[in-house]
Every structure is written in C-alpha cells, then in structure tokens.
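Observations on chain architecture
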Number of protein chains: 4
Amino acid sequence: MARKRSDDKRGRILEAAVKVFARKGYFGARVSEIARKAGVADGTIYLYFRNKEDILVSLFDEVMAEHIARARQEVGRTKGAAARLRVVAEHHLSLFSGNADLAVVFQVELRQSTKFMERFTATWLQDYFALLTEVMAAGQREGALRSDLPLKLATKAFFGVLDEMVTSWILGRKDYDVGDLAAPVVDLFLRGAASPAKEREARPALRAVASARGGR
Amino acid sequence: MARKRSDDKRGRILEAAVKVFARKGYFGARVSEIARKAGVADGTIYLYFRNKEDILVSLFDEVMAEHIARARQEVGRTKGAAARLRVVAEHHLSLFSGNADLAVVFQVELRQSTKFMERFTATWLQDYFALLTEVMAAGQREGALRSDLPLKLATKAFFGVLDEMVTSWILGRKDYDVGDLAAPVVDLFLRGAASPAKEREARPALRAVASARGGR
Amino acid sequence: MARKRSDDKRGRILEAAVKVFARKGYFGARVSEIARKAGVADGTIYLYFRNKEDILVSLFDEVMAEHIARARQEVGRTKGAAARLRVVAEHHLSLFSGNADLAVVFQVELRQSTKFMERFTATWLQDYFALLTEVMAAGQREGALRSDLPLKLATKAFFGVLDEMVTSWILGRKDYDVGDLAAPVVDLFLRGAASPAKEREARPALRAVASARGGR
Amino acid sequence: MARKRSDDKRGRILEAAVKVFARKGYFGARVSEIARKAGVADGTIYLYFRNKEDILVSLFDEVMAEHIARARQEVGRTKGAAARLRVVAEHHLSLFSGNADLAVVFQVELRQSTKFMERFTATWLQDYFALLTEVMAAGQREGALRSDLPLKLATKAFFGVLDEMVTSWILGRKDYDVGDLAAPVVDLFLRGAASPAKEREARPALRAVASARGGR
DNA sequence: AATGAATGAGAGTTCATTCAT
DNA sequence: AATGAATGAACTCTCATTCAT
C-alpha cells in the first residue's frame, strides 16, 4: 500500500517479471529486460525490490497470499469433504488455467533451487497442507473419508496430483482447460482406481505408515 | 584401450557432480569444484562432457535408462495391476531413498528450466507414462481397475503422487524411508480416500474428461 | 546529453588501446589493461565497443575516414601529378611520423589475419587506391606521366613503397622523420632508378601487363 | 638432416602447418589440427619443434635460407643491374606464385607481431636488403643507375613494391600470375612513372636524404 | 521518485604443452 | 620415436547493482 504514487510501477514490474521469467527462466532473465518491459529504468526496479530474487519471491508471496485466503474462505462456506476438496482443486487449477506464464513461473522457475523450495514450503505450502489436512480430518469425523486414511500422506498425494496436472499442462500443448480437471481429479482421489467389485486380488491391509509424518 | 590411465574418471566426475549440484544448485555449481571433488583437472571434465549442461543431462540419461529398463523388466515378471503398480512405486521411490543428493538433483535441479523439463518429458517421462498406462489398461481388462478410469489422468495422478512423495521427503527432515511409502501410496491410489460406506454425500458421476488427453 | 559524466571515455579507451596494442600486439593485449590505462572499469569498454575486435576496427575506421578525407581534399586543391603525389605521400607518412604506436598498430597489428586484411582492403584501401589511380590517370592526360604507365600496377607500387617506408621506420631505430621521405620517394617513383644516360643496356619494351588488373 | 628416420615427419608437419596457418591464422591455428593433418600425434610435434611458434619460425627460416641462396647465386651469374633486379623480382614473386598458402603465411601470419617482424628483419630481410643494395651500388658504378640514387631508400622501395604485389595478389581473386609482374615492376622501378618529355613541371632536385639510413 | 552510465567480480571453456606408457 | 590423455593457466564478456544527477 505504501508507494502507490504514479501509475503502479510495482505492479507493472511484477507483470513484466512474470513474462520474462516464464520465457527466459529465472537465471536467464535479465533485470534490464524486465525494466524495459515494465517501462521503467533499470535502477527503478531497486526502488521497489531489494534485488532480482526479491521480485520472484514477492510475486509468489502476493499471488499466494490471496490464493490461500480465498480458498480457505470458500472452503469455510462449503459443507462436506468431497465438495470442499473440489473447491480446493478448482481454486488451485483455475489459478493457473488462464495464465500460462504464471503457471510456468510457479511450476518451474520457483523451483530453481532448494533454497526457493524450502522457503516456499515453509511459508505457504505449510498453510496449504494444513488446510487440506483439516478438510480431510473433518471428512473422517463426518464419516465421508476412511477412518484409516493416513492424513499426511493423503494431503501430499492430493497436492501431488494437482501439481502434476498443472505441470503436465504447461509442458504440453495446453489444448484443454486445466480447470476442468478438478472434478475428475477429486473423484479419482476419493473413489480410487480399483474396481469396486467384491472379489479382487489380495488387497493388503493398509499398513499404518507412521513414517510419513515427515516434515515439509 | 583408449583412456588408459583413467580409473573411471567419467564416473567419478558424475558422482562429484551429483554432490555439487545437490548442494549448490546447477547454476551455483562451479565446474572447477566438480573437478576438484572428482580429483581431476578442470580441463579433464571437457574430455568427457561437452559442457556443464551435458554433465547434468548425461547424469539424468544414464540413471533413467537403467531405472526404466529395470522397472519395465520387473513389471513384466509380475502379475496383477495392484502388484505391478507397487513394483513401479517401489522402484521409483527406492531409486532415491538411499541417495538424497541424487534425489535433489532429479527433483529440483533438473527442473531448472522449461528447457530441461521439456527434454525430460520428451525422453524418459514419456516412456514412464507409457509403462504406467499399459499397466493400468491391462488392469482394466482383467477387471482389477475400474472400467471408467480415465487412463491419462490416472497415469499423471499416480506419477504426481510419487513425485510429490520424493520432493516432500528431500525438503523435509528425511527421518523416514521414502521407499516405505510405496505400499500405502498404491493402496490410496487404488482404494481412494472415501469411506466405502453405503451412504455418502453426493458422489458425482465421473464426468469423462476427454480433455485430459493433453500432451506431456 | 547521453553519457553525462563521460569526459570522452570512448576517446580515452581508443588512446589506451593504441598504446596497449602497440606494445603487446592485438592477441597479447588484455582488455583489462586497456581499461586500466583508460581509467575505466572493464565493463565500461563494452558500453562503447561490441568487443575487443571492435576496438581495433573502430580505431582503424575512424583514423582512416579522417585521413582519406583530408588527403582527398588537399589533392583537390593541388595541381599537377607530381605535386599531388607528393601531397598523398606527405599525408600518408605524416599520419604516422608523430605517432609510432599508431604506426605499429596500423602496420603490424591490423594485419593480424586475412580477415582484418580483407576488411581493410574492402573499406579504405579501395578508396585510397581509387584516389591514387585518379591522380595518375589525370597525370597521364596532362602529359606528366607516361602514357604507357600501367595504372593499377603503378598505384600498388606507389602504395607499396610508402607502406614499406613506414614499416621499415617502425621496426628500425626511428632516428629520422618518416615524413621527410615523401619528396625523395615521389622523386624516385617519378624519375625511376635508371640513369637517364643515352646508352643503357637493353631496356625491354614495357610488356602491357593486363594481368595486374587483379582485385585488391 | 638429423632426424630423417621414417617418412619425414618433420616435413609433413611443416606442410600441414602452412595449410592450417594460411586458413586459420597463426593464433587461430590449433596445434592438434596441424598434427591431425600431418598424420601424427599431438605430442609428436614437440619432438620436432620446441613449440607452436617454432613451427612458424622454422618454416620461415628454411624457406628463406633456400630462397636467398638461390637468388644470390643466380644474381652472381647475371650481368647488368636491370637484369639482376629482374632476377631478384622473378625469384621473389615466383616463390609465392605457385603457392598461395605459403604466400598468406609469409605476407600475413608472419607479421603477427613486432616480435616476429623484428626477428624476420634481423635475419633474412637484412641479407635480402644487402643483396639488393649491392646490386644497385654495382649498377651505379657501371652507370646503369643514377649516381644520385639514394641506395637505402631505393632498396626499401624495391622491396616494398614486390611485397605489395604479393599481398595484393593473395587478398585479391588471384586470377593472374604474380610471377608475370616481375618485368613490369622492374621496368617501372627503373624508368619511373614520369613522362620522359623534355619539359615537365618543376622536378625538385633530389634532396639527399641521409636520414633514411635508418635500420631495418 | 527516477534515471541509466558506470562498475567489477566472476566463471566456463580452450588449448599449448607435458609425460607416463 | 611415438602417443594422446591429462593438465591448468588464462581471459573475455556479462549483468546485477549502485549512485551521482
């Protein structure tokens, strides 16, 4: 809210950065190119951002803050685990479905280094996982989800599926709308791939995997 | 014959590179540091690799060639969709479970750029997806998997889950064995998260998502 | 306007380059040494020149452009082939007589490679030869020069003599002024070395050498 | 004569070097390329030459030793200044006329640096100049050459003309034989460019240029 | 607040030369 | 004598960042 003088130079820089990062990659992106695309002088970038990395990090923080807040809000207004998971999936996928450049930045460029990954994990991914875990735990309490569902594992799995859908989309021809995958993804997650037939080959009892409690 | 004195310099360089890439990141890694760690002169690197990027790409190609071949082989010896998916999951996870540095390189460094990602997709990921799709299609034919299972989507989902397990593991405290997650992951994938109870809230029919036919 | 602070950085870089190229040779010259001598940072060089080669080429282009223009101008103000040739010779020799470093660069460094030589030939040498040929053709028309003088050959010869005077001077002790050679050189070129005596040994008729029409 | 074991590796290396130096330039030439073209191992080069520079210098020394010896010999068998100058010119030009690669090496590559130039001046050029000066001094004594001919200047001039003919030829289309220029060059040198007419514009007395005694 | 000329550290890669075989 | 794998010094150029204006 601070520097909102003239015509939102900060916003223009972020927009330009998304484009340049998406096309050239973070390391390949030149600060001067971002400046040119944003219509400002090189030095001006440094009035709004500490350094090149701060542009990427800020971009991510701002998009995520809003995204999570909105997802959480709508989840709050929704009843039932299945519906709630659908809400999350729809939010997740639609965040990128209209903006391939942003998707590239989030799926590829932001994962440049363990440093970024760890920061990303420590900030919003943790929140995001907490939201998913809450939804699932509630689902268990209300009987919609299996009581023996390993929550941590299921949370990561759910995220992993959505993440792969986005990555797969940006690396492919993008001739479909990722947003449309929300329903089938949730359906698969809930019902599983196995045929519901009575007799199937030995279905091993779910070994409680206390191990997957691991961080991230 | 050729490289007489060399006691597998090439292998030593690759090993050193895994370590350095894992610790410093691809861009942060210095060729001279790899050379030092491998116990060779800087110039020697260039007798075995075209350039820095070629080290990363070769590393990936060689590990993957062997990995896929072995997975495919054991899948061939195994019967039943569930068992086969477990084989794939075990291979995938155990590839990294003993080698966190390799995991970092594959999960993080190799995804530096869309350029790498696209290469990776075009080469082995395509093969890997094909293997998974075959296994699932066979599973449908034998009645083990739902006949309305969207194969492309399920393939990506299965991969996405495994991929996230590895990423999550390397970014966390690594105080468990990722390899142990194979069984629970496959179980979740097959049975789904939903409670098998008769009455659950509206389970929407799986909308055939012809859209997810997209590339990658 | 533009480069505000610059007190002719470009000029200072060129001056420094002449010194460094003359002392170390083009390949032996270090860009950082030129920068140091010019009192600028290494990177600054690249604000004014595309690369190291561009420094050499620019140097040559700028000196030559002015040199040829001035020679052509004074030739235009002078009457008579002999006087005009003297003007050219004086210009040529005096260009270097006060500046041994520049002479070294032009006589030695600029001839590093056929690439430079060809460029040099294609640009100003062609102009220079044209000027000389014009002067001589006019000399023939006015009767001052032999009508059977092979113009192309004579042009090259005249240039060759001047060029050798400069080269010889820079490689020697430089204890005389090359500029003073203009008059005797032109005199030799005009009168020839042979004794004007009636009886000399067989003077073979000048075989028209259509062959020397060759390029350059 | 020393190492003449197997099949004249030394000669093959020199031949290969002429080609590579001519095509790539001295600095651009790779020792390994010379080795490859000569059909020997890289290391073998160093059994015959101290280093890369020594290849160039040896090449030049050997060609020159023979060239000068032969020119001097034939000059000894020839009578009259004009004929002798023609002998020298013919030798000079025919040395290169059949071998454009050698010409490039001698006219361009050997002039890489003042270091080479000075060595070249100190060794054979001095000899060559001495031969020319002797021929001209004898010509003066026998009355064929003007008694007021400045010998040093005339020597350099004669060399300069020949040198330019060769350079001009290699940089041009080479669609004529440089060797054919010997006669017209000598003719021009002897008779001069001026019309022999009685009345010409002021012919300034030749100012004795004691100064041009300078080295080289 | 904005500019953009100037900075200068930094690293991938080449290649002449060596020397164990 | 011959080899060629190994060496490692050396250098141009880029580009994030600064700061005088």
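These numbers were taken from a predicted model, which means no experiment stands behind them. (Residues numbered from 1 in each chain as written. Chains lettered and ligands numbered in written order. Predicted model: local features only at pLDDT ≥ 70, side-chain atom pairs only at ≥ 80, totals over all residues. Heavy atoms only, no water.)

**Details of the protein's contact with DNA strand F**
- Around DNA strand F, the surrounding shell holds 36 residues, and the nearest of these are Arg30(A), Thr44(B), Tyr48(B), Thr44(D) and Tyr48(D).
- In this structure, Lys52(C) approaches DNA strand F through a main-chain N or O atom, which is 3.2 Å from a phosphate oxygen.
- Elements with a minimum of two residues in the surface near DNA strand F: α3 (42-48) of chain A, α3 (42-48) of chain B, α3 (42-48) of chain C together with α3 (42-48) of chain D.
- For the surface near DNA strand F, the per-class residue count stands at 14 nonpolar, 10 polar and 12 charged. (Near = heavy atom within 4 Å. Polar contact = N/O pair within 3.5 Å; in protein donor to acceptor, adjacent residues only side chain to side chain. Helix = DSSP H or I, 4+ residues; strand = E, 2+ residues; numbered from the N terminus. Nonpolar A, V, L, I, M, F, W, Y, C, P; charged D, E, K, R; others polar.)

**What to know about the interface of chain D and chain C**
- Between chain D and chain C, the residue contacts involve 67 residues of the former and 66 residues of the latter.
- Between chain D and chain C lies a buried interface of about 5,900 Å² when both sides are counted; carbon and sulfur atoms form 61% of it.
- Three residues, Arg146(D), Leu171(D) and Arg191(D), lead the burial of chain D against chain C; their summed loss comes to 12% of the area buried on that side.
- The interface formed by chain D and chain C holds 4 salt bridges in total.
- Among the ionic pairs, Asp148(C) bridges to Arg191(D), the shortest N-O distance being 3.5 Å.
- Where chain D meets chain C, there are 19 residue pairs in polar contact (both at pLDDT 80 or more). (Contact = heavy atoms within 4.5 Å. Buried area = accessible area lost by both parts, 1.4 Å probe. Salt bridge = Lys/Arg side-chain N within 4 Å of Asp/Glu carboxyl O.)

**Focus: helix α7 (residues 114-141) of chain C**
- Bending of α7(C) peaks at approximately 45° at the position of Leu125(C).
- Within two residues after α7(C), Gly143(C) carries a phi angle of roughly 85°, on the positive side. (Bend = angle between axes of the 7 residues up to and from the residue.)

**Notes on the relation of the copies chain D and chain C**
- Expressed as a screw operation, the relation of chain D to chain C combines 0.0 Å of axial shift with a rotation of 180°, fitting to an RMSD of 0.1 Å. These values place the two chain copies in the arrangement generated by a two-fold rotation axis. Residues of chain D ranked by C-alpha distance from the rotation axis are headed by Gly192(D), positioned 1.7 Å from it.
- Both copies contact each other with a shared surface, as 99% of the interface residues of chain D are interface residues in chain C too. (Least-squares fit on C-alpha atoms with pLDDT ≥ 70 in both.)

**What to know about the packing of helix α9 (residues 182-191) of chain C against helix α9 (residues 182-191) of chain D**
- Following both chains from N to C, one finds α9(C) and α9(D) inclined at 115°, their axes separated by 5 Å at the closest point. What the angle tells us is that α9(C) and α9(D) run roughly perpendicular. From α9(C), Leu188(C), Phe189(C), Leu190(C) and Arg191(C) reach across to α9(D), where they touch Leu188(D), Phe189(D), Leu190(D) and Arg191(D). (Axes fitted to C-alpha atoms, helices over the stretch in contact; angles between N-to-C directions. Parallel < 35°, antiparallel > 145°, perpendicular 65-115°, else oblique.)

**Here we look at the protein's contact with DNA strand E**
- Inspection of the region around DNA strand E gives 33 residues, with Thr44(A), Tyr48(A), Thr44(C), Tyr48(C) and Arg30(D) positioned closest.
- Looking at DNA strand E alone, sugar and phosphate atoms form 72% of those within 4 Å of the protein.
- Between DNA strand E and Ala41(C), the relevant distance is 3.1 Å, taken from a phosphate oxygen to a main-chain nitrogen or oxygen of the residue.
- Here Arg30(D) contributes a side-chain N or O atom positioned 2.6 Å from a phosphate oxygen of DNA strand E.
- Breaking the surface near DNA strand E down by element, the ones donating at least two residues are α3 of chain A, α3 of chain B, α3 of chain C together with α3 of chain D.
- Per-class residue counts for the surface near DNA strand E are 14 nonpolar, 10 polar and 9 charged.

**Some remarks on the environment of Tyr48(C)**
All names here are of chain C.
- Its place among the elements puts Tyr-48 in helix α3.
- Since its relative accessible area comes to 13%, Tyr-48 is described here as buried.
- Remark: the alpha-carbon pair of Tyr-48 and Ala-138, spanning 90 residues in sequence, is separated by 42 Å. (Buried < 20%, exposed > 50% of the residue type's maximum accessible area, 1.4 Å probe, protein only.)

**Structural notes on the interface of chain B and chain A**
- With 66 residues of chain B in contact, the opposing surface of chain A contributes 67 residues.
- Counting each side, the surface lost to burial between chain B and chain A is near 5,800 Å², with a carbon and sulfur contribution of 61%.
- When the area that chain B buries against chain A is broken down by residue, the three leading residues are Arg146(B), Leu171(B) and Arg191(B), summing to 12%.
- Summed over the shared surface of chain B and chain A, the number is 3 salt bridges.
- Residue Asp187(A) is joined to Arg146(B) by a salt bridge in which the shortest nitrogen-to-oxygen separation is 4.0 Å.
- Inspection of the region where chain B meets chain A yields 20 residue pairs in polar contact (both at pLDDT 80 or more).
- For the side of chain B that touches chain A, the elements supplying multiple residues, two or more each, are α5 (81-97), α7 (114-141), α8 (151-171) and α9 (182-191) of chain B.
- At 12 residues, α8(B) tops the list of elements feeding residues into the side of chain B that touches chain A.
- For the side of chain B that touches chain A, the residue count by class is 32 nonpolar, 15 polar and 19 charged.

**Side note on the environment of Phe96(B)**
Residues and elements named next belong to chain B.
- Looking at the element boundaries, Phe-96 is found in helix α5.
- In the structure, Phe-96 is positioned 28 residues away from Ile-68 in sequence and 14 Å away in space, judged by C-alpha atoms.
- Leaving out residues up to four positions away in the same chain, Phe-96 has contacts with Leu-102, Ala-103, Phe-106, Gln-107, Val-166 and Trp-169.

**Some details on helix α2 (residues 31-38) of chain C**
- All buried positions along α2(C) are accounted for by Val31(C), Glu33(C), Ile34(C), Ala35(C) and Ala38(C).
- Considering only its buried residues, α2(C) is in contact with α1 (9-24), α3 and α4 (52-76) of chain C.

**Some words on the packing of aromatic side chains**
- In the structure shown here, the tally under the stated rule is 46 aromatic pairs over all chains.
- Ring geometry for Phe120(A) against Trp124(A): centres 5.4 Å apart, planes inclined by 90°, an arrangement best described as edge-to-face. Taken together, the positions of Phe120(A) and Trp124(A), both in helix α7 (residues 114-141) and 4 residues apart, correspond to about one turn of that helix. The burial state of Phe120(A) is the same as that of Trp124(A); both residues are buried.
- One aromatic cluster is present, formed by Phe21(A), Tyr26(A), Phe27(A), Phe116(A), Phe21(B), Tyr26(B), Phe27(B) and Phe116(B) through successive ring pairs. (Phe/Tyr/Trp six-rings, centres within 6.5 Å; stacked < 30°, edge-to-face > 60°.)

**Comments concerning the confidence of the model for chain A**
Residues and elements named next belong to chain A.
- Taken residue by residue, chain A gives an average pLDDT of 89. The fraction at 70 or more is 88%.
- Scored below 50 in pLDDT, residues 1-5 shows 2 contacts in the model against residues more than four places distant or in partner chains.
- Note that residues 198-215 has pLDDT below 50 and, in this model, 36 contacts with residues that lie over four places away or in other chains. (pLDDT = per-residue confidence, 0-100.)

**Section: the side chain of Ser195(C)**
- Position of Ser195(C) relative to the elements: it lies in the segment after α9.
- There is a polar contact of 3.4 Å between the side chain of Ser195(C) and the backbone oxygen of Gly143(D).

**Observations concerning the packing of α5(B) against α9(B)**
Residues and elements named next belong to chain B.
- Relative orientation of the contacting elements α5 and α9 amounts to 135°, with a least axis distance of 9 Å. With respect to α9, the element α5 is oriented oblique. The handedness of the crossing between α5 and α9 comes out as right-handed. Facing α5, whose interface residues are Ala-82, Leu-85, Arg-86, Ala-89, Glu-90 and Leu-93, α9 presents Ala-182, Ala-183, Val-186, Phe-189 and Leu-190.
- In terms of residue class, the contact of α5 with α9 is built from 9 nonpolar, no polar and 2 charged. (Left-handed = near helix turned anticlockwise from the far one by under 90°.)

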